[in-house]
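One letter stands for each residue in the lines below.
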Amino acid sequence: MRSEVRWSCARCEVSAGQIDDRPSPLPPTWTTSGGLAYCLSCSRARAADEAMELLPETITGEARAKLRRKALIRFEISRSPDSANRVIASACRTSTMAVAAVRDEIDIPLSTGAAPADN
Ligand SMILES: [Zn+2]
């Protein structure tokens, strides 16, 4: 894995690195795409934006917002499949019900070692 003294986000320019200026691997919450690094909140936004680009323009308003939220949940689940639904729900500012529904849809169940979901 690539190491950098400072990682800086290609989208919002926030940066991350070790205090002592030694090269470090990509922060665990960051993602890379096409050689560029993105912080967690930009990674989320990018995942949602990408999903929006695939939607036909006829889908607007509330339906679009709903699908955007879903894309965000999907991103968050695939990023940390072992997180409890309520953790993902709070990261995406949504309900645990919504997270559970998306989880069913994309078929990434909580691993059996994780704490039981609160439902
Ligand atoms: Zn960023």
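What comes next is a walk through the structure. (Residues numbered from 1 in each chain as written. Predicted model: local features only at pLDDT ≥ 70, side-chain atom pairs only at ≥ 80, totals over all residues.)

## Some details on the overall build of the chain
What counts here: Put simply, DSSP marks the helices as runs of H or I at least four residues long and the strands as runs of E at least two long, and each gets a number from the N terminus on. Buried, partly exposed and exposed are defined by the number of other C-beta atoms within 10 Å of a residue's own C-beta, namely 20 or more, between the two limits, and 12 or fewer respectively, with C-beta atoms placed from the backbone. Residues are scored as being in contact if the C-beta atoms we place from backbone atoms lie within 7 Å.
Helices and strands together make up the secondary structure of the chain, namely four helices and six strands. When the helices and strands of the chain are read in sequence order from the N terminus, they spell out β-β-β-β-β-β-α-α-α-α. Looking at the 119 residues of the chain, the share that counts as buried comes to 18%. Summarising the internal contacts of the chain: among those between residues at least 6 apart in sequence, 42% fall at separations of at least 24.

## Regarding the packing of helix 1 (residues 40–53) against helix 2 (residues 61–79)
Which entries qualify depends on this criterion: Here an angle of 0 to 180 degrees is reported between the N-to-C directions of two axes, which are lines fitted to C-alpha atoms, with helices fitted over the stretch in contact. With respect to orientation, any angle under 35 degrees is reported as roughly parallel, any angle over 145 as roughly antiparallel, any angle of 65 to 115 as roughly perpendicular, and every other angle as oblique. Crossing handedness is defined as follows: a turn of the near helix away from the far one that is anticlockwise and smaller than a right angle gives a left-handed crossing, while the clockwise case is right-handed. Residue type decides the class: Asp, Glu, Lys and Arg count as charged, Ala, Val, Leu, Ile, Met, Phe, Trp, Tyr, Cys and Pro as nonpolar, and the leftover types, Gly among them, as polar.
Viewed as axis vectors pointing N to C, helix 1 and helix 2 meet at an angle of 130°, and their least axial separation amounts to 8 Å. Between helix 1 and helix 2, the angle is such that the two are oblique. The interaxial crossing formed by helix 1 with helix 2 has right-handed handedness. Residues Arg44, Ala47, Ala48, Ala51 and Met52 of helix 1 form the contact with helix 2, whose participating residues are Leu67, Arg68, Ala71, Leu72 and Phe75. Its residues assigned to classes, the contact of helix 1 with helix 2 shows eight nonpolar, no polar and two charged.

## Brief notes about helix 4 (residues 96–106)
Counted only if it meets this: Working definition: the arc comes from the directions between the helix axis and the C-beta atoms, pointing outward to the latter.
Considered for burial, the residues of helix 4 that qualify are Val99, Val102 and Arg103. End-on, the buried residues of helix 4 take up no more than an arc of 105°, which puts them together on one face. Along helix 4, exposed side chains directed more than 90 degrees from the buried face belong to Met97, Asp104 and Glu105. Against helix 2 and helix 3 (85–91) lie the buried residues of helix 4.

## Some remarks on unusual backbone geometry
Despite not being glycine, Glu13 shows a phi value in the positive range, around 65°. Relative to the helices and strands, Glu13 is located in the loop between strand 2 (6–8) and strand 3 (15–17). A tally of 9 C-beta atoms within 10 Å means that Glu13 is categorised as exposed. The residue Arg93 is not glycine, and still its phi comes out positive at about 50°. For Arg93, the location among the structural elements is in the loop between helix 3 and helix 4. Residue class for Arg93 comes out exposed when judged on the 8 C-beta atoms lying within 10 Å of it.

## Some remarks on the nonpolar core
Filter applied, for reference: To count as a nonpolar core, a set of buried Ala, Val, Leu, Ile, Met, Phe, Trp, Tyr and Cys residues must be joined through C-beta atoms within 7 Å.
Of all hydrophobic cores here, the largest spans ten residues; its members are Ala47, Ala71, Leu72, Ile73, Phe75, Ile77, Ile88, Cys92, Val99 and Val102. Secondary structure elements with two or more residues in this core: helix 2 and helix 4. Counting residues per element, this core draws most heavily on helix 2, which supplies five residues. Apart from residues no more than four positions distant in its own chain, Cys92 is found in contact with Arg69, Leu72, Ile73 and Glu76. Counting residues in hydrophobic clusters, the runner-up holds five residues, among them Ala37, Tyr38, Cys39 and Cys42.

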